[in-house]
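An overview of the molecular structure
Here are the chains, one letter per residue:
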Amino acid sequence: MPALLALGLVACSNNRSANPSAALESAFRSSDAGTKLHVERARDAMEKESYTEAMLTLKRVLNQGKVTPEQRQAVSTAVGHVMKAIDRNPQIDNPVLHQIMAELILKAHGEN
(Lines give C-alpha, C1' and ligand atoms only; values in the text may rest on other atoms or scores of the structure.)
Protein backbone atom coordinates (compact mmCIF):
# COMPACT_ATOMS: atom_id res chain seq x y z
CA MET A 1 0.00 0.00 0.00
CA PRO A 2 2.82 2.54 0.61
CA ALA A 3 3.82 2.20 -3.05
CA LEU A 4 0.25 3.00 -4.07
CA LEU A 5 0.23 6.15 -1.97
CA ALA A 6 3.62 7.09 -3.38
CA LEU A 7 2.12 6.74 -6.85
CA GLY A 8 -0.84 8.81 -5.70
CA LEU A 9 1.49 11.43 -4.28
CA VAL A 10 3.10 11.80 -7.68
CA ALA A 11 -0.30 11.86 -9.39
CA CYS A 12 -1.68 14.42 -6.94
CA SER A 13 1.48 16.52 -6.60
CA ASN A 14 0.34 19.09 -9.11
CA ASN A 15 -2.78 19.62 -7.01
CA ARG A 16 -1.16 19.97 -3.61
CA SER A 17 -1.00 23.75 -3.66
CA ALA A 18 -4.56 24.19 -4.93
CA ASN A 19 -7.39 25.08 -2.58
CA PRO A 20 -9.33 21.83 -2.11
CA SER A 21 -12.49 23.60 -0.88
CA ALA A 22 -12.68 25.83 -3.94
CA ALA A 23 -11.89 22.93 -6.27
CA LEU A 24 -14.62 20.75 -4.75
CA GLU A 25 -17.21 23.53 -4.78
CA SER A 26 -16.46 24.41 -8.38
CA ALA A 27 -16.39 20.84 -9.66
CA PHE A 28 -19.61 19.76 -7.97
CA ARG A 29 -21.62 23.00 -8.36
CA SER A 30 -24.01 21.43 -10.89
CA SER A 31 -24.43 18.15 -9.00
CA ASP A 32 -27.66 17.00 -7.41
CA ALA A 33 -28.55 18.19 -3.91
CA GLY A 34 -27.48 14.96 -2.21
CA THR A 35 -24.06 15.00 -3.81
CA LYS A 36 -23.60 18.68 -2.97
CA LEU A 37 -24.45 17.91 0.64
CA HIS A 38 -21.78 15.20 0.79
CA VAL A 39 -19.24 17.53 -0.82
CA GLU A 40 -20.08 20.25 1.71
CA ARG A 41 -19.65 17.76 4.55
CA ALA A 42 -16.28 16.67 3.15
CA ARG A 43 -15.19 20.29 2.79
CA ASP A 44 -16.28 21.10 6.34
CA ALA A 45 -14.48 18.04 7.70
CA MET A 46 -11.29 19.04 5.89
CA GLU A 47 -11.49 22.53 7.35
CA LYS A 48 -11.77 20.95 10.82
CA GLU A 49 -8.82 18.67 9.96
CA SER A 50 -11.08 15.63 10.30
CA TYR A 51 -9.34 14.05 7.35
CA THR A 52 -10.61 10.49 7.75
CA GLU A 53 -14.19 11.74 7.78
CA ALA A 54 -13.52 13.99 4.78
CA MET A 55 -11.93 11.24 2.71
CA LEU A 56 -14.65 8.74 3.62
CA THR A 57 -17.30 11.25 2.54
CA LEU A 58 -15.52 11.88 -0.77
CA LYS A 59 -15.32 8.13 -1.30
CA ARG A 60 -19.11 8.00 -0.96
CA VAL A 61 -19.39 10.75 -3.57
CA LEU A 62 -17.22 8.85 -6.04
CA ASN A 63 -19.13 5.64 -5.37
CA GLN A 64 -22.46 7.28 -6.26
CA GLY A 65 -21.93 6.97 -9.97
CA LYS A 66 -20.68 8.87 -12.94
CA VAL A 67 -18.07 11.46 -12.04
CA THR A 68 -16.68 14.05 -14.43
CA PRO A 69 -12.95 14.54 -15.03
CA GLU A 70 -13.20 17.91 -13.24
CA GLN A 71 -14.76 16.20 -10.22
CA ARG A 72 -12.06 13.51 -10.22
CA GLN A 73 -9.45 16.28 -10.34
CA ALA A 74 -11.09 18.05 -7.39
CA VAL A 75 -11.03 14.85 -5.34
CA SER A 76 -7.40 14.37 -6.33
CA THR A 77 -6.71 17.92 -5.12
CA ALA A 78 -8.34 17.07 -1.78
CA VAL A 79 -6.23 13.92 -1.43
CA GLY A 80 -3.12 15.96 -2.22
CA HIS A 81 -4.09 18.43 0.49
CA VAL A 82 -4.41 15.62 3.04
CA MET A 83 -1.06 14.16 1.96
CA LYS A 84 0.51 17.57 2.53
CA ALA A 85 -1.09 17.74 5.99
CA ILE A 86 0.34 14.30 6.80
CA ASP A 87 3.77 15.46 5.60
CA ARG A 88 3.55 18.30 8.11
CA ASN A 89 2.18 16.14 10.92
CA PRO A 90 2.66 12.37 10.47
CA GLN A 91 0.74 11.69 13.69
CA ILE A 92 -2.56 12.39 11.91
CA ASP A 93 -2.03 9.45 9.56
CA ASN A 94 -3.78 6.23 10.46
CA PRO A 95 -4.47 2.92 8.69
CA VAL A 96 -8.09 3.77 7.89
CA LEU A 97 -7.18 7.15 6.39
CA HIS A 98 -4.33 5.53 4.48
CA GLN A 99 -6.67 2.89 3.00
CA ILE A 100 -9.37 5.39 2.04
CA MET A 101 -6.85 7.67 0.33
CA ALA A 102 -5.47 4.71 -1.62
CA GLU A 103 -8.98 3.86 -2.80
CA LEU A 104 -9.69 7.48 -3.69
CA ILE A 105 -6.50 7.69 -5.72
CA LEU A 106 -7.55 4.65 -7.72
CA LYS A 107 -11.07 5.99 -8.26
CA ALA A 108 -9.93 9.52 -9.07
CA HIS A 109 -7.57 8.20 -11.71
CA GLY A 110 -10.07 5.97 -13.44
CA GLU A 111 -9.67 2.67 -11.65
CA ASN A 112 -12.55 0.75 -10.11
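Residues numbered from 1 in each chain as written. Predicted model: local features only at pLDDT ≥ 70, side-chain atom pairs only at ≥ 80, totals over all residues. Heavy atoms only, no water.

What to know about helix 3 (residues 33–47)
- The end-to-end C-alpha separation of helix 3 is 21 Å, in line with the 21 Å expected for 15 residues at 1.5 Å each.
- When we look at burial in helix 3, the residues that qualify are Thr 35, His 38, Val 39, Ala 42, Arg 43, Ala 45 and Met 46. For helix 3, the angular spread of buried residues about the axis comes to 165 degrees, placing them on one side. When the buried face of helix 3 is taken as reference, the exposed residues oriented beyond 90 degrees from it are Ala 33 and Glu 47.
- Summarising the contacts, the buried residues of helix 3 are in contact with helix 2 (20–27), helix 4 (51–63) and helix 5 (69–88).
- Sitting at the amino-terminal end of helix 3 is Asp 32, which places a side-chain oxygen 3.0 Å from the backbone nitrogen of Gly 34.
- Backbone geometry just after helix 3 places Glu 49 at a positive phi near 65 degrees. (Helix = DSSP H or I, 4+ residues; strand = E, 2+ residues; numbered from the N terminus. Expected span 1.5 Å × (residues − 1). Buried < 20%, exposed > 50% of the residue type's maximum accessible area, 1.4 Å probe, protein only. Arc of directions from axis to C-beta. Contact = heavy atoms within 4.5 Å. Polar contact = N/O pair within 3.5 Å; in protein donor to acceptor, adjacent residues only side chain to side chain.)

Here we look at the side chain of Arg 43
- For Arg 43, the position within the fold is in helix 3.
- Of the polar contacts made by the side chain of Arg 43, one reaches the side chain of Glu 25; its length is 3.1 Å.
- With near-sequence residues (within four places) excluded, Arg 43 lies in contact with Ser 21 and Glu 25.

Topic: the packing of helix 2 against helix 5
- Two elements in contact, helix 2 and helix 5, have axes separated by 9 Å at closest approach and are oriented at 165 degrees. On the basis of the axis angle, helix 2 is roughly antiparallel to helix 5. The crossing of helix 2 and helix 5 is left-handed. Contacts from Pro 20, Ala 23, Leu 24, Ser 26 and Ala 27 in helix 2 reach Glu 70, Gln 71, Ala 74, Val 75, Thr 77, Ala 78 and His 81 in helix 5.
- The residue makeup of the contact of helix 2 with helix 5, split by class, is seven nonpolar, four polar and one charged. (Axes fitted to C-alpha atoms, helices over the stretch in contact; angles between N-to-C directions. Parallel < 35°, antiparallel > 145°, perpendicular 65-115°, else oblique. Left-handed = near helix turned anticlockwise from the far one by under 90°. Nonpolar A, V, L, I, M, F, W, Y, C, P; charged D, E, K, R; others polar.)

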